[in-house]
Amino acid sequence: MASPSGFERGLDHGFDLDALPLRERKKIQTGIRLWRTAVALFAERGFDQVSVAEIAAAADVSKMTVFNYFPTKEDLVMGPMEQHLDEPARVVRERAPGTSAVAALREQFLAALGEFDPATGLNDDPVVLDVVRVIHRTPALLMRATAGFDQKAQTLLAAELLAQDPAHDELTARVAAAQLLAARLTLTGENQRRMLTGERAEDALPAALDATHRAFALVERGLGDYCADTP
């Protein structure tokens, strides 16, 4: 099971904190404390009802310190999540020779499910669920999430696919990126929905794995005659 700091991977930049110098370790720990404090307040009172000054006071730091770590109030929620925006493009770029983009992204998502990575939506840690609830209840955050994962991540993936395509077919790259990310986002959304209804991540894992295989198979094979008129 993922630790309570699942989203905090974006804040610690993947470093082993114990191996860092004390100053760097304290800096990262302060960022994580600020993020956790903000999420707890937002979950309790609502994003729009909490000020940055109140977050600073609760974390026992100055308001300027908060902005040094998180340039905007929205970053206090979205920052760690947005570290994943380039993940699909990176997976394609780093895939093994002879592996298709579909296969690489499918295997990466399956592996992330097995680790209960919050980015897959299959994580029932209370802090992670608080983040999801805050985003769903706050139009500005939901719009930012949509813009990031529907647009920026898609642009990055399309550019990587185009760079890898010997034919350099821009239309195919854009359509493929849209289909691949739509599959990931649909799977993530369904996993989040199940977690928010109280289902345990471990119990939902088999169904999530099966859904992932089915979704990526649709992308791999195409929709074909799906919903064609029948005699």
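My aim in this report is to walk through the structure given alongside it, one point at a time. These numbers were taken from a predicted model, which means no experiment stands behind them.

**As for the overall build of the chain**
Now for step 1: In terms of helices and strands, the chain carries 11 helices and zero strands.
Now for step 2: In the chain, 70% of the contacts between residues at least 6 apart in sequence involve partners at least 24 apart.
Now for step 3: Total accessible area computed for the chain in this model is approximately 12,500 Å², and 54% of it derives from carbon and sulfur atoms.

**Brief notes about helix α8 (residues 126-137)**
Now for step 1: For α8, spanning 12 residues, the distance from its first C-alpha to its last is 16 Å, which sits close to the expected 16 Å at 1.5 Å a residue.
Now for step 2: Within α8 the residues assigned to the buried category are Val127, Val128, Leu129, Val131, Val132, Val134 and Ile135.
Now for step 3: Residues of α8 that are buried sit in contact with α2 (22-45), α5 (75-78), α9 (139-164) and α10 (170-196).

**Structural notes on the side chain of threonine 188**
Now for step 1: Turning to its location among the elements, threonine 188 is positioned in helix α10.
Now for step 2: Beyond its immediate sequence surroundings of up to four residues, threonine 188 is in contact with Phe109, Ala119, Thr120 and Gly121.

**Quick notes on the packing of helix α7 (residues 101-114) against helix α11 (residues 201-221)**
Now for step 1: As a packed pair, α7 and α11 sit with axes 10 Å apart at the nearest point and diverge in direction by 170°. Between α7 and α11, the crossing angle belongs to the class labelled roughly antiparallel. Residue-level inspection shows Val102, Leu105, Arg106, Phe109, Leu110, Leu113 and Gly114 of α7 in contact with α11, the latter providing Leu205, Ala208, Leu209, Thr212, His213, Phe216, Val219 and Glu220.
Now for step 2: Looking at side-chain class alone, the contact of α7 with α11 contains 10 nonpolar, three polar and two charged residues.

**With respect to α11**
Now for step 1: Under the 1.5 Å per step criterion, the end-to-end length of α11 is 29 Å for 21 residues, consistent within 8% with the ideal 30 Å.
Now for step 2: When the local axis directions of α11 are compared, the greatest deviation, roughly 30°, occurs at alanine 207.
Now for step 3: Taken together, the buried positions of α11 are occupied by Ala201, Ala204, Leu205, Ala208, Thr212, Ala215, Phe216, Ala217 and Val219.
Now for step 4: Where the residues of α11 are buried, they touch α7 and α10.
Now for step 5: Glycine 222 occupies a position one or two residues after α11 and carries a positive phi of about 85°.

**Regarding the side chain of glutamine 108**
Now for step 1: Within the fold, glutamine 108 resides in helix α7.
Now for step 2: Every residue in contact with glutamine 108, bar those within four places of it in the chain, is listed here: Glu87, Val91 and Arg184.

**Things to note about a nonpolar patch on the surface**
Now for step 1: Side chains of Leu218, Leu223 and Tyr226 sit close together on the surface and give an oily, nonpolar patch of about 360 Å² of accessible area.
Now for step 2: By the element assignment, tyrosine 226 lies in the segment after α11.
Now for step 3: Here tyrosine 226 falls in the exposed class, since its relative accessible area comes to 61%.

**Topic: the packing of aromatic side chains**
Now for step 1: On inspection of all chains with the given rule, the structure shows one aromatic pair.
Now for step 2: Between the aromatic rings of phenylalanine 42 and phenylalanine 47, the centroid separation amounts to 4.7 Å while the plane-to-plane angle is 55°, which identifies the pairing as tilted.
Now for step 3: Among the residues examined, phenylalanine 47 registers a relative accessible area of 7% and is labelled buried.
Now for step 4: Over the ring of phenylalanine 47 we find lysine 73; its NZ or CZ atom is 4.5 Å from the centre of that ring.

Definitions and cut-offs
Residues numbered from 1 in each chain as written. Predicted model: local features only at pLDDT ≥ 70, side-chain atom pairs only at ≥ 80, totals over all residues. Heavy atoms only, no water. Helix = DSSP H or I, 4+ residues; strand = E, 2+ residues; numbered from the N terminus. Contact = heavy atoms within 4.5 Å. Areas by Shrake-Rupley, 256 points an atom, 1.4 Å probe, with all protein chains shown as cover. Expected span 1.5 Å × (residues − 1). Buried < 20%, exposed > 50% of the residue type's maximum accessible area, 1.4 Å probe, protein only. Axes fitted to C-alpha atoms, helices over the stretch in contact; angles between N-to-C directions. Parallel < 35°, antiparallel > 145°, perpendicular 65-115°, else oblique. Nonpolar A, V, L, I, M, F, W, Y, C, P; charged D, E, K, R; others polar. Bend = angle between axes of the 7 residues up to and from the residue. Patch = residues over 30% accessible without salt bridge, like charges linked within 9 Å, V, L, I, M, F, W, Y side chains within 5 Å. Salt bridge = Lys/Arg side-chain N within 4 Å of Asp/Glu carboxyl O. Phe/Tyr/Trp six-rings, centres within 6.5 Å; stacked < 30°, edge-to-face > 60°. Lys NZ or Arg CZ within 6 Å of the ring centre and 35° of its normal.

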